[in-house]
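Descriptive analysis of the structure
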Amino acid sequence: AEHLGDRRKVHLDTPVQRVRWNRDGVVLEAGSSATPVRARRAVVTVPVALLSAPAPSLAFVPAIRAKIRAARLLRPSPVLQTVFLFRRQFWKEGGPRDALFVQDLGQPLPTWWTWAPDDLPVLTGWLGGPAAARWQKRSPRDLYRQSLQSCAAVFDIAPDALRRELRSWHWHDWLNDP
């Protein structure tokens, strides 16, 4: 994104509902209250489940029928992630300062990403495949508890100390999160 310079714009909390495109450019529409975004090009990345849904929440005009048919042939695997926002980057105090991810296959939520090289107090836990499918039926409280315990074990910090550092957490189910 650095090469985009001043032309880069980020629109948060603005789910795109329609992508109108032709050789001259693209228009992204996010509902009646949002101003359409016009550009020469757009990179659209969405979960396969969104494209292959019987009534997708994102429309392309003109339709991209061949791509939709191809998406419907794919069987996406479950992926779950938890995002923890902390007061500080406690993991930098005793470990490598530029670590990108840490993994402990003995933990229920084994893979954790930092936001390196960005200097943010955020860790993202990730779980995919059959293990993620087993987690999908858990309550939010259990997901939080298990995520916190796995994160504490992976980063070798007491769960209570980790809980004191935590400002907020978010859980995402890639197959079912619009």
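To keep things clear, this report deals only with the structure shown in the data block. The numbers attached to residues start from 1 for each chain and follow its sequence in the written order. It should be noted that, the model being predicted, local features are given only for residues of pLDDT at least 70 and side-chain atom pairs only at 80 or more, the latter also being counted only at that level, while totals for whole chains, interfaces and linings use all residues. Just so you know, side-chain values use all the structure's heavy atoms and leave hydrogens and water out.

We now examine the pairing of strand E1 (residues 18-22). Taken together, the 5 bridges between E1 and strand E2 (residues 25-29) define a ladder with antiparallel strand orientation. Its bridge partner lying in E2, Asn 22 is registered against Gly 25. For two strands to be treated as a pair, DSSP must find at least two bridges joining them. Helix and strand assignments follow DSSP, with helices taken as H or I runs no shorter than four residues and strands as E runs no shorter than two, numbered in order from the N terminus. Between E1 and E2, which pair antiparallel one after the other, the connecting turn spans 2 residues. By the bridge criterion, 3 bridges tie E1 to strand E4 (residues 59-61) in an arrangement that is parallel. Along E4, the bridge assignment pairs Val 19 with Phe 60.

Looking at the element boundaries, Pro 15 is found in the segment before E1. Residue exposure (1.4 Å probe, protein chains only): buried if accessible area is under 20% of the type maximum, exposed if over 50%, otherwise partly exposed. By relative accessible area, Pro 15 is classed as exposed at 60%. Distance in space between the C-alpha atoms of Pro 15 and Ala 34 is 9.8 Å, their sequence separation being 19 residues.

Moving on: the environment of Arg 167. By the element assignment, Arg 167 lies in strand E9 (residues 166-173). Arg 167 gets classed as exposed once you look at its relative accessible area, which sits at 53%. Arg 167 sits 97 residues away from Ala 70 along the chain, and the two C-alpha atoms are 41 Å apart. Those residues in contact with Arg 167 that lie beyond four places of it in its chain are Leu 85, Phe 86 and Arg 87. Residue contacts are counted whenever heavy atoms from the two residues lie within 4.5 Å of one another.

A few words on a nonpolar patch on the surface. Put simply, a patch holds well-exposed residues, over 30% relative accessible area, that have no salt bridge, with like charges counted together within 9 Å and Val, Leu, Ile, Met, Phe, Trp or Tyr side chains within 5 Å. Each accessible area value is a Shrake-Rupley result obtained with a 1.4 Å probe; residue values ignore everything except the protein chains displayed when judging cover. Salt bridge criterion: a side-chain nitrogen from Lys or Arg within 4 Å of a carboxyl oxygen from Asp or Glu. The grouping of Leu 100, Phe 101 and Trp 113 at the surface amounts to a nonpolar patch, some 290 Å² of accessible area in total. Relative to the assigned elements, Leu 100 resides in the loop between strand E5 (79-86) and strand E6 (101-103).

Looking now at the sheet that holds E5. The strand order E6-E7-E8-E5-E9 describes an open sheet built from 5 strands, whose pairing is antiparallel. At either margin of the open sheet sits one strand with a lone partner, and together these are E6 and E9. Averaged over neighbouring strand pairs, the angle between their axes works out to 20° when direction is ignored. Of the pairings in the sheet, the one linking E5 to strand E8 (residues 122-128) comprises 7 bridges and is antiparallel in character. Across the sheet, the residue bridging to Leu 85 is Val 122, located in E8. Here an angle of 0 to 180 degrees is reported between the N-to-C directions of two axes, which are lines fitted to C-alpha atoms, with helices fitted over the stretch in contact. Running over the sheet, helix H4 (residues 140-154) touches E5, E6, strand E7 (111-113), E8 and E9 and is turned about 115° from E9.

This paragraph deals with the packing of aromatic side chains. Centres within 6.5 Å make a pair out of two Phe, Tyr or Trp rings, where for Trp the six-membered ring is used; the pair is then stacked when the planes are under 30 degrees apart, edge-to-face when over 60, and tilted otherwise. All chains considered together, the criterion is met by 12 aromatic pairs. Within the aromatic cluster, the residues linked to one another by ring pairs are Phe 84, Phe 86, Phe 90, Trp 91, Trp 112 and Phe 155. Both a distance and an angle decide whether a charge sits over a ring: NZ of Lys or CZ of Arg must be within 6 Å of the ring centre and within 35 degrees of the ring normal. Geometry around Trp 135 places Arg 138 over its ring, the cationic atom sitting 4.7 Å from the centre.

Turning our eyes to something else, we now look at the pattern of salt bridges. A side chain of one charge can pair with a side chain of the opposite charge when the charged atoms of the two come close. Applying the stated criterion across every chain yields a total of 8 salt bridges. For the salt bridge of Asp 119 with Lys 92, the shortest nitrogen-to-oxygen distance reads 3.1 Å. On the criterion of sequence distance, the pair formed by Asp 119 in the loop between E7 and E8 and Lys 92 in the loop between E5 and E6 is long-range, its members being 27 residues apart. Its relative accessible area of 57% is what places Asp 119 among the exposed residues. In this structure, a network of salt bridges that share partners links the residues Arg 18, Arg 20 and Glu 29.

Pairing is mixed across the open sheet formed by 4 strands, whose spatial order is E3-E2-E1-E4. With one partner strand each, in any of the chains shown, strand E3 (37-39) and E4 form the two edges of the open sheet. In this sheet, neighbouring strand axes are inclined to one another by 15° on average, regardless of whether the strands run parallel or antiparallel. Taken together, the 3 bridges between E2 and E3 define a ladder with antiparallel strand orientation. Along E3, the bridge assignment pairs Val 27 with Arg 38.

Just distances and angles here, no functional claims.
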